[in-house]
Amino acid sequence: MSYRKFVDRSGNAWRVRDRSRWDWHFEPEPGNPGSTRMVRAPGHQDDPFELSNEELQRLLDSAPSSDKPRAQNPFKD
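Read on for an overview of the structure. (Residues numbered from 1 in each chain as written. Predicted model: local features only at pLDDT ≥ 70, side-chain atom pairs only at ≥ 80, totals over all residues. Heavy atoms only, no water.)

**Brief notes about the overall build of the protein chain**
When helices and strands are counted, the protein chain shows 1 helix and 4 strands. Taken from N to C terminus, the helices and strands of the protein chain fall in the order β-β-β-β-α. Counting the 77 residues in the protein chain, one finds 32% classified as buried. (Helix = DSSP H or I, 4+ residues; strand = E, 2+ residues; numbered from the N terminus. Buried < 20%, exposed > 50% of the residue type's maximum accessible area, 1.4 Å probe, protein only.)

Structure follows, in structure tokens:
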């Protein structure tokens, strides 16, 4: 699956991957301290290459951060 490289307003580079028609992932490039974020794909467009940088920035801003610590698995697997 291909991806689009996107640089946000802070200068951090991201890979925008369309995982499905409904979900896109913003994955940090090396040197970007951010964490992977999942967003709902905009209904008007199926391809990240068709969106402007401003539209991608709005999607990234709306994505919840996954920096929260995960709960420990009681089964240890």
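**Considerations on the sheet that holds strand E4 (residues 37-40)**
Taken together, 4 strands build an open sheet; the order of strands is E1-E2-E3-E4 and the sheet is antiparallel. Whereas interior strands pair on both sides, the edge strands pair on one side only; in this sheet they are strand E1 (3-7) and E4. Ignoring strand direction, the axes of neighbouring strands in this sheet form an average angle of 30 degrees. By the bridge criterion, 5 bridges tie strand E2 (residues 13-18) to strand E3 (residues 23-28) in an arrangement that is antiparallel. Paired with Arg15 across the bridge in E3 is Glu27. Each of E1, E2, E3 and E4 touches helix H1 (residues 53-62); the most contacted strand, E1, lies at about 85 degrees to it. (Pairing = 2+ DSSP bridges. Axes fitted to C-alpha atoms, helices over the stretch in contact; angles between N-to-C directions. Contact = heavy atoms within 4.5 Å.)

**Some points on the packing of aromatic side chains**
Centre-to-centre distance and the angle between the planes together describe a pair of aromatic rings. In total, this model carries 2 aromatic pairs according to the counting rule given. Taking the centre distance of 6.2 Å and the plane angle of 75 degrees together, the rings of Phe6 and Phe26 count as edge-to-face. Here Phe26 lies in strand E3 and Phe6 lies in strand E1, a separation of 20 residues in the sequence. Accessibility classification places Phe6 together with Phe26 in one group, the buried group. Here Trp14 and Phe26 contribute two aromatic rings whose centre-to-centre distance is 6.5 Å and whose plane-to-plane angle is 80 degrees, an arrangement assigned as edge-to-face. In this pair, Trp14 sits in strand E2 while Phe26 sits in strand E3, placing the two residues 12 residues apart along the sequence. (Phe/Tyr/Trp six-rings, centres within 6.5 Å; stacked < 30°, edge-to-face > 60°.)

**Here's the deal with the side chain of Glu27**
Note on placement: Glu27 falls in strand E3. The buried category is assigned to Glu27, whose relative accessible area is 14%. At 2.6 Å, the side chain of Glu27 forms a polar contact with the side chain of Arg17. (Polar contact = N/O pair within 3.5 Å; in protein donor to acceptor, adjacent residues only side chain to side chain.)

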